[in-house]
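Chain by chain, the residues:
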Amino acid sequence: METQKEIKKAIIPVAGLGTRFLPLSKVLSKEFFPLADKPAIQYIVQEIKDSGINEIIFVISPQQKSILNYFKKAPELEKILAKRKKQALLDELAAFHNEFKGIKMTFVIQKEPKGDGHAILQAAAHIKDEPVANSFGDDIMYSQTPALAQLISIFKTCNAPVLGLKRLPRDKIPAYGSVAVEKISSNLYKIKKIIEKPQPDEIASDLVIMGRHILTPDVFAYLKKAKPGKKGEIVLAEVLSTMLEEGKQIYGYELAGEWLECGDKLKWMKSFFYLTLKDSKYREEMKDYLKTIK
Ligand code: UTP
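(A) Local environment of the overall build of the protein chain. Counting its secondary structure elements, the protein chain contains ten helices and 13 strands. For 294 residues, the compact-globule estimate of 2.2 N^0.38 gives 19 Å, and the C-alpha radius of gyration of the protein chain, at 20 Å, lies within 12% of that figure. By principal-axis analysis of the C-alpha atoms, the protein chain measures approximately 65 × 50 × 35 Å. Going through the 294 residues of the protein chain one by one, you find that 48% of them count as buried. Counting contacts in the protein chain only where the partners sit at least 6 residues apart, residues at least 24 apart contribute 76% of the total. For the protein chain, the centre of its 47 positive side-chain charges and the centre of its 37 negative side-chain charges are spaced 4 Å apart.

(B) A look at the site of the ligand. Near the ligand you find 19 residues, and of these Ala 15, Gly 18, Thr 19, Gln 110 and Gly 115 are the closest. Here an oxygen atom of the ligand and a side-chain polar atom of Glu 31 are 2.8 Å apart. Relative to its unbound accessible surface of 570 Å², the ligand loses 85% to contact with the protein. Taken together, the residues of the shell around the ligand break down into seven nonpolar, six polar and six charged.

(C) Up close: the pattern of salt bridges. Counted according to the given criterion, the structure contains 18 salt bridges. The salt bridge involving Asp 206 is made with Arg 167; its shortest N-O contact spans 2.7 Å. Placement of the pair is Asp 206 in the loop between β10 (188–196) and β11 (207–215) and Arg 167 in strand β8 (residues 162–167), with a sequence separation of 39 residues. According to the relative accessible area criterion, Asp 206 is partly exposed, its value standing at 27%. For Arg 167, a relative accessible area of 38% corresponds to the partly exposed category. Asp 279 is paired through a salt bridge with Lys 281; the nearest N and O atoms lie 3.7 Å apart. Exposure remark for Asp 279: the relative accessible area of 15% places this residue in the buried category. Here Lys 281 falls in the exposed class, since its relative accessible area comes to 57%. Each member of the salt-bridge network shares a partner with another, and the members are Asp 37, Lys 38, Asp 279 and Lys 281.

(D) Just a nonpolar patch on the surface, in detail. A contiguous nonpolar patch, built from Leu 24, Val 27 and Leu 28 and spanning about 280 Å² of accessible area, is present on the exposed surface. Looking at where Val 27 falls in the secondary structure, it is placed in the loop between β1 (9–13) and β2 (34–35). Note on Val 27: relative accessible area 72%, which makes it exposed.

(E) Expanded view of the packing of helix α7 (residues 217–225) against helix α8 (residues 236–245). One can describe the packing of α7 onto α8 by two numbers: an axis separation of 10 Å at closest approach and a directional angle of 105°. On the basis of the axis angle, α7 is roughly perpendicular to α8. Within the contact between the two elements, α7 uses Asp 218, Val 219, Tyr 222 and Leu 223 and α8 uses Leu 236, Val 239, Leu 240, Thr 242 and Met 243. Taken together, the residues of the contact of α7 with α8 break down into seven nonpolar, one polar and one charged.

(F) The arrangement of the packing of aromatic side chains in detail. Under the defined criterion, the tally for this structure stands at 14 aromatic pairs. Between Phe 96 and Phe 100, the ring centres sit 5.6 Å apart and the planes meet at 70°, which makes this aromatic pair edge-to-face. Within this pair, Phe 96 and its partner Phe 100 are both found in helix α4 (residues 87–100), separated by four residues, close to a single helical turn. The residues Phe 96 and Phe 100 share a single accessibility class, namely buried.

(G) Inspection of the packing of helix α1 (residues 40–50) against α4 at higher detail. Two numbers describe how α1 lies on α4: the axes approach to 10 Å, and their chain directions differ by 45°. Relative to α4, the element α1 is oriented oblique. Contacts between α1 and α4 involve Gln 42, Val 45, Gln 46 and Lys 49 from the first element and Phe 96, Glu 99 and Phe 100 from the second. Per-class residue counts for the contact of α1 with α4 are three nonpolar, two polar and two charged.

(H) Up close: α7. Turning to α7, its buried residues number three or more, namely Val 219, Phe 220, Tyr 222 and Leu 223. Projection of α7 onto a plane perpendicular to its axis shows the buried side chains occupying an angular sector of 160°, all on one side. Along α7, exposed side chains directed more than 90 degrees from the buried face belong to Lys 224 and Lys 225. In this structure, the buried residues of α7 make contact with β1, α5 (116–122), β6 (132–135), β11 and α8.

(I) Here's a closer look at the environment of Gln 42. Note that Gln 42 resides in helix α1. When the C-alpha positions of Gln 42 and Gly 137 are compared, they lie 9.8 Å apart, and in sequence the two are 95 residues distant. Sequence-distant contacts of Gln 42, defined by excluding residues within four places in its chain, comprise Tyr 70, Phe 71, Phe 96 and Phe 100.

So, how was this worked out
- Residues numbered from 1 in each chain as written.
- Predicted model: local features only at pLDDT ≥ 70, side-chain atom pairs only at ≥ 80, totals over all residues.
- Heavy atoms only, no water.
- Helix = DSSP H or I, 4+ residues; strand = E, 2+ residues; numbered from the N terminus.
- Rg over C-alpha atoms; globule rule 2.2 N^0.38 Å.
- Buried < 20%, exposed > 50% of the residue type's maximum accessible area, 1.4 Å probe, protein only.
- Contact = heavy atoms within 4.5 Å.
- Lys, Arg positive; Asp, Glu negative; His and termini not counted.
- Charge placed at Lys NZ, Arg CZ, Asp CG, Glu CD.
- Near = heavy atom within 4 Å.
- Polar contact = N/O pair within 3.5 Å; in protein donor to acceptor, adjacent residues only side chain to side chain.
- Areas by Shrake-Rupley, 256 points an atom, 1.4 Å probe, with all protein chains shown as cover.
- Nonpolar A, V, L, I, M, F, W, Y, C, P; charged D, E, K, R; others polar.
- Salt bridge = Lys/Arg side-chain N within 4 Å of Asp/Glu carboxyl O.
- Patch = residues over 30% accessible without salt bridge, like charges linked within 9 Å, V, L, I, M, F, W, Y side chains within 5 Å.
- Axes fitted to C-alpha atoms, helices over the stretch in contact; angles between N-to-C directions.
- Parallel < 35°, antiparallel > 145°, perpendicular 65-115°, else oblique.
- Phe/Tyr/Trp six-rings, centres within 6.5 Å; stacked < 30°, edge-to-face > 60°.
- Arc of directions from axis to C-beta.

Next up, the structure:
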């Protein structure tokens with residue numbers, strides 16, 4: 001058993017092609033699409049911070065270097081705003097930078113989009129012999145206790161990889177990673193098997209894996225030796241599945257909160273409206289406006 005260590009770092013892979021958003025994703029990655037008035041990535045960074053983690057490793061594509069600028073101060077812009085006496089805007093920018101100033105952000109490049117597992121592996125040089133959190137850039141969790149904080153508290157009790165799970169209607173599951181599980185206690189499961197994109201008769205439960213994980217050094221060892229699968233990619237779910245076949249323990253936790261998916265156009269639109277209607281700044285006016293649309 002690995003010795004237990006604190007989770008101090010989170011990886012966010014954002015180097016995927018986002019083909020379900022083409023042609024828009026040729027110029028803007030889906031992780032930067034707005035949800036209400038913020039890009040998806042900001043919700044993810046906020047969740048990481050609120051989970052007590054203050055070091056983030058972004059895995060970006062060579063075209064995405066501008067991502068670096070989003071969380072950075074823009075002194076030239078601030079000078080222009082000051083000259084134009086836009087104090088309210090300057091205050092808003094200052095509050096934004098203040099929120100994230102304690103977070104160390106590192107960027108690593110995935111030269112080619114060879115899969116989400118391959119992307120995670122690119123962060124390995126920044127990870128010592130320690131467990132890390134991983135958040136995929138197109139899954140937002142809206143919850144009272146941050147999703148990663150929920151997984152971290154489970155990790156403390158089991159010291160093995162922990163995967164965020166959500167429950168879905170059976171007819172939706174063939175598009176996801178289905179899990180066969182053994183229940184341990186309320187919401188906590190031992191994962192027995194992962195079946196990526198199952199046929200209807202292969203669906204093992206109504207739980208699926210989603211984009212929040214606690215990964216141990218063991219997972220990195222398996223990622224390192226993984227060969228590209230059917231699609232020519234190294235896929236995290238497939239690597240975890242191999243670990244299970246070889247007798248490794250992996251746990252799953254059914255997360256509390258609303259899972260807002262942003263991986264395709266309709267899901268993103270629904271998540272946009274969900275978060276807009278949850279924001280007291282916009283709720284009433286947006287509700288009234290939506291009622292006027294016939
Ligand atoms: P997805 O499979 O949802 O993203 O990856 P994708 O491949 O960009 O989307 P489609 O299927 O073509 O529409 C989950 C996460 O892993 C990242 C994505 O950016 C997303 O946050 N990812 C995926 C990488 O960083 N690199 C990859 O090679 C693949």
